Amino acid sequence: MPGTTAAPQVRQTQMNTRIDMALKEAGDAVLTRLGYSPSAAVRGLWQFVVDHQDDAASVRKVIEPGVASALSDESARKASAIIGLRSLYARTARELGILGNDGADIPSWDDLREDWYDERLDREA
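Residues numbered from 1 in each chain as written. Predicted model: local features only at pLDDT ≥ 70, side-chain atom pairs only at ≥ 80, totals over all residues. Heavy atoms only, no water.

Engineer: Please clarify how the overall build of the protein should be interpreted in this entry.
Structural biologist: Scanning the protein from terminus to terminus reveals five helices and zero strands. Counting from the amino terminus, the protein carries its helices and strands in the arrangement α-α-α-α-α. Relative to its 125 residues, the protein shows a buried fraction of 5%. A sequence separation of at least 24 residues applies to 12% of the contacts in the protein between residues at least 6 apart. Carbon and sulfur atoms make up 58% of the accessible area of the protein, which totals about 11200 Å². (Helix = DSSP H or I, 4+ residues; strand = E, 2+ residues; numbered from the N terminus. Buried < 20%, exposed > 50% of the residue type's maximum accessible area, 1.4 Å probe, protein only. Contact = heavy atoms within 4.5 Å. Areas by Shrake-Rupley, 256 points an atom, 1.4 Å probe, with all protein chains shown as cover.)

In structure tokens:
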């Protein structure tokens, strides 16, 4: 008789939360229409948070869309300021006759973030 492998038991916990009654009823109606239970929705949210733990903006966008929008505005303001500084740096270098310093050698935010992640992974390995 072939052996069977039983699936490992998943430990579960119960969560209790308070939510506005009208919001719960509206949410329950949408979830039912989409074929999900409230428990499935909470599990999905928790999984999203775990999967995006290094991307706070994505988590904020799901949990607090208004706050995420304000943070996006602040990020856009900072990005604009950085672009302005790079332009000023390049213009100043040209005016001073410093060749090869047009700011192109300044790493982008994405490059800096990737370098940071790489260093972090190397330290944790």
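Engineer: Please clarify how the layout of surface pockets should be interpreted in this entry.
Structural biologist: The gaps of empty space that remain are located by a probe, the size of a water molecule, rolled over the atoms. Each pocket or cavity is described by its volume, and for the largest pocket that value is around 970 Å³. Lining of the largest pocket is provided by 23 residues; of these, P38, S39, A41, V42 and R43 occupy positions nearest its centre. If you list the elements that add at least two residues to the lining of the largest pocket, you get helix 1 (21–34), helix 2 (38–51) and helix 3 (56–63). For the lining of the largest pocket, the leading source of residues is helix 2, giving eight residues. When grouped by side-chain class, the residues that make up the lining of the largest pocket number 12 nonpolar, seven polar and four charged. (1 Å grid on protein atoms, 1.4 Å probe; cavity = no way out; pocket = protein on both sides within 12 Å on 5 of 7 lines; lining within 4 Å. Points joined across faces, edges and corners; volume = space filled by probe spheres on them. Nonpolar A, V, L, I, M, F, W, Y, C, P; charged D, E, K, R; others polar.)

Engineer: Help me understand a negative patch on the surface, please; the structure alone is not making it clear to me.
Structural biologist: A contiguous patch of negative charge, built from D111, E114, D115, D118, E119 and D122, is present on the exposed surface. Positionally, E119 belongs in helix 5 (residues 109–124). (Patch = residues over 30% accessible without salt bridge, like charges linked within 9 Å, V, L, I, M, F, W, Y side chains within 5 Å. Salt bridge = Lys/Arg side-chain N within 4 Å of Asp/Glu carboxyl O. Lys, Arg positive; Asp, Glu negative; His and termini not counted. Charge placed at Lys NZ, Arg CZ, Asp CG, Glu CD.)

Engineer: Hey, could you run me through the packing of helix 2 against helix 3 in this one?
Structural biologist: Two numbers describe a pair of packed helices, the interaxial angle and the distance between the axes. Between helix 2 and helix 3, the least distance of the axes is 9 Å, while the angle of their chain directions is 160°. Our classification of the angle between helix 2 and helix 3 gives roughly antiparallel. Together, L45, F48 and V49 of helix 2 and S58, V59, V62 and I63 of helix 3 make up the contact between the two elements. Taken together, the residues that form the contact of helix 2 with helix 3 break down as six nonpolar, one polar and no charged. (Axes fitted to C-alpha atoms, helices over the stretch in contact; angles between N-to-C directions. Parallel < 35°, antiparallel > 145°, perpendicular 65-115°, else oblique.)

Engineer: Help me out: how do you make sense of the pattern of salt bridges in this one?
Structural biologist: Pairing is possible between side chains of opposite charge, provided their charged atoms come close. One pass over the structure, following the stated rule, counts four salt bridges. One salt bridge in this structure joins D28 and K24, with 2.4 Å as the shortest N-O distance. Of this pair, D28 and K24 are both found in helix 1, four residues apart, which corresponds to roughly one turn of the helix. For K24, a relative accessible area of 38% translates into the label partly exposed. We note a salt bridge from R120 to E124, for which the minimum N-O separation is 3.2 Å. Residue R120 and its partner E124 are both found in helix 5; the two are separated by four residues, about one turn of the helix.

Engineer: Sorry, what's going on with the environment of I63 here?
Structural biologist: Within the secondary structure, I63 sits in helix 3. As a C-alpha pair, I63 and V49 span 14 residues in sequence and 9.6 Å in three-dimensional space.

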